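Survey of secondary and tertiary structure
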Amino acid sequence: MKLTLLFNVTSSDSLVLGRKNQYLLQAMVYNLLDPEYADFLHKEGFVYKGKRHFKLFSFSKLYSSVPIKLKDDLVFFQPPIRLVITSPINSILKQLATNALSLGEIKLGNNLLTCKEVKIESPCVDSEEIECHTLSPIVCYSTLKKYDKSNFTYYYSPKEKEFREQIYANLIKKFQIIAPQEDIPDGTIKIEFTGRAKEEVKFFSPRDNRPIKGWSGKFRLYGPKVLLQVALDAGLGAKNSAGFGCIEFLPNERGRR
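Structural notes, computed from the coordinates. Each chain has its residues counted from 1, following the order in which its sequence is written. Where local features are concerned, this predicted model is filtered to residues with pLDDT of at least 70; where side-chain atom pairs are given and counted, the filter is 80 or more; whole-chain, interface and lining totals use all residues. The basis for every side-chain value is the complete set of heavy atoms in the structure, and neither hydrogens nor water enter the calculation.

1. A few points about the overall build of the protein chain
Quick reminder of the rule: In this description a helix means any DSSP run of H or I spanning at least four residues, a strand means any run of E spanning at least two, and both kinds are numbered starting from the N terminus. Taken over C-alpha atoms, the radius of gyration is set against a globule rule of 2.2 Å times the number of residues to the power 0.38. Note on exposure labels: buried denotes an accessible area under 20% of the residue type's maximum, exposed denotes more than 50%, and partly exposed covers the range between, all computed with a 1.4 Å probe on protein chains only. In this description, contact between two residues means that some pair of their heavy atoms is separated by no more than 4.5 Å. For accessible areas, the Shrake-Rupley method is used with a probe of radius 1.4 Å. Any residue's cover is judged against the shown protein chains and nothing else.
Secondary structure summary: the protein chain contains five helices and 18 strands in total. Here the C-alpha atoms of the protein chain give a radius of gyration of 18 Å, agreeing with the 18 Å that 2.2 N^0.38 yields for 257 residues. Principal axes of the C-alpha set define a box for the protein chain whose edges measure 50 × 50 × 40 Å. Burial analysis of the protein chain (257 residues in total) assigns 48% to the buried set. Counted over contacts in the protein chain with a minimum sequence separation of 6, partners at least 24 positions apart contribute 74%. Carbon and sulfur atoms provide 49% of the accessible area of the protein chain, an area that totals close to 13,400 Å².

As structure tokens, then:
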């Protein structure tokens, strides 16, 4: 499912954030959940085979009513401001929607917001080929070893086969958590950017100087319908709950109802 939140800014004429603002957006999402559920998701989440932990939600960048302005290390957004959150877990989106409307003022960094509108949609995949675009960059990576045995993170590009392989493996894990009684569907996943895939480099917070590299743009996604549905609902690739891999149908996409 897909939740769209529209915000006004009550503390100023515009929303002002530092460029390294992923941690603030993630904190706002968690703060819009009921406290006990937020604590469960943050500390544990949904466990895959006793090892991997998934939050099973993704969220977009912030979208402004006009192009954002950059000045020094600050980003300026003019209201109304839109944030999209997707999840296959209905209770997550229900809590977010209810609390966004009932909490009154919502803190985002040093800004105070109010939610003026909530929209919930259930985009449904009915084809093995869908056309989408990113609302936040798709991230695929591996942790590798240097010659001195220290770790480093290698981020794959859409031109590398590992990008597609990781997207498929990640979707399978999410599918098995969401539908543990169902068999893994036959067929793999193929992703094909239809224009130029744009590389984006982000930092999670000012205290974390490790770059996170992802890819944005329009693309076609091919594969079993149930896995494509997982992609729409839970996000593509890694770091979804940190604000990466959120996607949606392109307008007039034939896979949407």
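Let's pick the thread back up.
2. Overview of the pairing of strand S11 (residues 129-134)
Inclusion rule: Strands are labelled as partners when DSSP assigns at least two bridges between them.
On S11, burial follows the alternation: Ile 130, Cys 132 and Thr 134 on one face are buried, whereas Glu 129, Glu 131 and His 133 on the facing-out side are not. As judged from the three bridges shared by S11 and strand S18 (residues 247-249), these two strands associate in the antiparallel manner. Looking across to S18, one finds that Thr 134 is bridged to Ile 247.

3. Regarding the sheet that holds S11
The following threshold applies: To get an axis, fit a line to the C-alpha atoms, keeping to the stretch in contact for a helix; angles then go from 0 to 180 degrees between the N-to-C directions.
Across the sheet, which stays open at both edges, the four strands sit in the order S14-S17-S11-S18 with antiparallel pairing between neighbours. The strands lining the two open edges of the sheet, one partner per strand, are strand S14 (190-193) and S18. When strand polarity is set aside, the average angle formed by the axes of neighbouring strands in this sheet is 35°. In terms of strand pairing, S11 meets strand S17 (residues 218-222) through five bridges, oriented antiparallel.

4. Concerning helix H3 (residues 90-102)
Rules: The length a helix should cover is 1.5 Å for every residue beyond the first.
For H3, which comprises 13 residues, the first-to-last C-alpha distance of 18 Å matches the rise-based estimate of 18 Å (1.5 Å per residue) to within 8%. All of the buried residues along H3 are Ile 92, Leu 93, Gln 95, Leu 96, Ala 97, Asn 99 and Ala 100. Looking at the buried side of H3, the elements it contacts are strand S1 (2-9), helix H1 (22-31), helix H2 (35-43), strand S8 (81-86), strand S9 (105-108) and strand S10 (111-121). Positive phi appears at Gly 104, one or two residues downstream of H3, with a value of about 80°.

5. Description of the sheet that holds strand S2 (residues 15-18)
Pairing in this open sheet of three strands is antiparallel, and the strands run S2-S7-S6 from one edge to the other. Bordering the open sheet on either side are S2 and strand S6 (69-71), each of which pairs with just one other strand. Direction aside, neighbouring strands of the sheet carry axes that sit 25° apart on average. Alignment of S2 against strand S7 (residues 74-77), held across four bridges, turns out to be antiparallel. Pairing of Leu 17 across the sheet is with Val 75, part of S7.

6. Concerning the pattern of salt bridges
Selection rule: We define a salt bridge as a contact between a side-chain nitrogen of Lys or Arg and a carboxyl oxygen of Asp or Glu at a distance within 4 Å.
Scanning the entire structure with this criterion turns up 11 salt bridges. Between Asp 208 and Arg 210 there is a salt bridge, with its nearest N and O atoms 2.9 Å apart. Where salt bridges share partners, they join Glu 129, Glu 131, Lys 190, Glu 192 and Arg 220 into one cluster.

7. Describing the packing of aromatic side chains
The condition that has to hold: Classification of ring pairs rests on two measures: the distance between centres of Phe, Tyr or Trp rings, Trp counted by its six-membered ring, which must be within 6.5 Å, and the angle between planes, read as stacked under 30 degrees, edge-to-face over 60 and tilted in between. Placement of a positive charge over a ring is assigned whenever Lys NZ or Arg CZ falls within 6 Å of the ring centre and within 35 degrees of the normal to the ring plane.
What the rule picks out here adds up to six aromatic pairs. Taking the centre distance of 5.8 Å and the plane angle of 85° together, the rings of Tyr 30 and Phe 57 count as edge-to-face. Within this pair, whereas Tyr 30 is found in helix H1, its partner Phe 57 is found in the loop between strand S4 (52-54) and strand S5 (58-59), the two being separated by 27 residues in sequence. Across this residue pair, the class does not change: Tyr 30 and Phe 57 are buried. Taken together, Tyr 37, Phe 40 and Phe 46 form an aromatic cluster joined through their ring pairs. The ring of Tyr 63 carries the charged tip of Arg 82 above its face, separated from the ring centre by 4.8 Å. Its end group placed over the ring of Tyr 222, Lys 190 keeps NZ or CZ at 5.4 Å from the ring centre.

8. Observations regarding the side chain of Lys 174
Selection rule: Asp and Glu are treated as the negative residues and Lys and Arg as the positive ones, with His and the ends of the chain left uncounted.
Of note, Lys 174 is situated in helix H4 (residues 161-178). Here Lys 174 sits buried without a salt bridge, and the closest side chain of opposite charge, Asp 233, lies 11 Å off (N-O distance). Not counting chain neighbours up to four residues away, the residues in contact with Lys 174 comprise Phe 54, Leu 56, Val 230, Ala 234, Gly 235, Leu 236, Gly 237 and Asn 240.

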